[in-house]
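Residue-level structural notes
Chain residues, written in single-letter form:
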Amino acid sequence: MRQNLVAGNWKMNNNAEQTADLIGDLKSSMEGFEPNCRVMIAPTFVNLAAAAPNTEGTIVEVAAQNMHQAEKGAYTGEISVDMLKSVGIQTVILGHSERRTYFKEDDALLKAKVTTALANGMEVIFCFGELLAERKAGNHFTVVESQLKNVLFDLFSDQWKQIVLAYEPVWAIGTGETASPEQAQEMHSFIRGLVNTKYSETVANELTILYGGSVKPDNAKEIFSKEDVDGGLIGGASLKVADFTAIIQAC
Ligand code: PGA
């Protein structure tokens, strides 16, 4: 179901104590207001087992930042879908540009990860977006289209209920540079159009499409006000409770 969502991707930040503190602060700052969106945080793997019970009974949901594509086996250092589920995690972020760049995750690998996640009943926040050079060359629509087609367009219509998309132009991640609300809307509307053409109007209209890349309290409202922007995936600003709360309130 299309629902607004603001998700904080904490990346490799916050140890166990800092995670507990930040969750505590977030819970207090959210007291007394009912946001117009789902609220989610994605701490690092080792802190998920503590974060999940710590948010139980609140509106804050907890997601993982990654998972391995195999169900289990000899993959030293990796985390399986069952491990995530066993500590209460139901959502996983896949395809983040940092995973693509630093860990060489390509479309084929991401397709395997998405397949495993969906087969195990997980919700997937699937990230994609063009590089600066690709936008400058005017190739951003082609790049985004191929990222989506290569990974998601063999899914059955029904499986799209488990998918949230996150358009994250790589040039806007952690750079302080944001896509303008118009650029975000233009791309989101293009994406919804692709899903409409490949699947149906219902699948397209029910799809939640987040924008990510330097969303801050002072630009969130304008970006979120666009028709096809259903919330955001927030990096840096999700580490500061006041900023993250302000972004949630902007949704
Ligand atoms: P940023 O990160 O908000 O710090 O740009 C967004 C993301 O990486 O999802």
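Reading guide: rules and limits
- Residues numbered from 1 in each chain as written.
- Predicted model: local features only at pLDDT ≥ 70, side-chain atom pairs only at ≥ 80, totals over all residues.
- Heavy atoms only, no water.
- Helix = DSSP H or I, 4+ residues; strand = E, 2+ residues; numbered from the N terminus.
- Salt bridge = Lys/Arg side-chain N within 4 Å of Asp/Glu carboxyl O.
- Buried < 20%, exposed > 50% of the residue type's maximum accessible area, 1.4 Å probe, protein only.

Remarks on unusual backbone geometry
A positive phi angle is found at lysine 11, which is not glycine, with a value near 50 degrees. Relative to the helices and strands, lysine 11 resides in the loop between strand 1 (5-9) and helix 1 (16-30). A positive phi is found at asparagine 14, a non-glycine position, where the angle reads about 80 degrees.

Some words on the pattern of salt bridges
Going through the model one piece at a time under the given rule, you end up with 16 salt bridges. Between arginine 38 and glutamate 61 there is a salt bridge; the shortest N-O distance is 2.7 Å. Separated by 23 residues along the polypeptide, arginine 38 in strand 2 (residues 38-42) and glutamate 61 in strand 3 (residues 60-64) bring together distant segments of the chain. Glutamate 61 gets classed as partly exposed once you look at its relative accessible area, which sits at 26%. Between arginine 135 and glutamate 130 there is a salt bridge, with the nearest N and O atoms lying 2.7 Å from each other. Relative accessible area serves as the criterion here: at 0%, glutamate 130 is assigned to the buried category. Through salt bridges with shared partners, a single network forms among Arg2, Arg192, Asp228 and Asp230.

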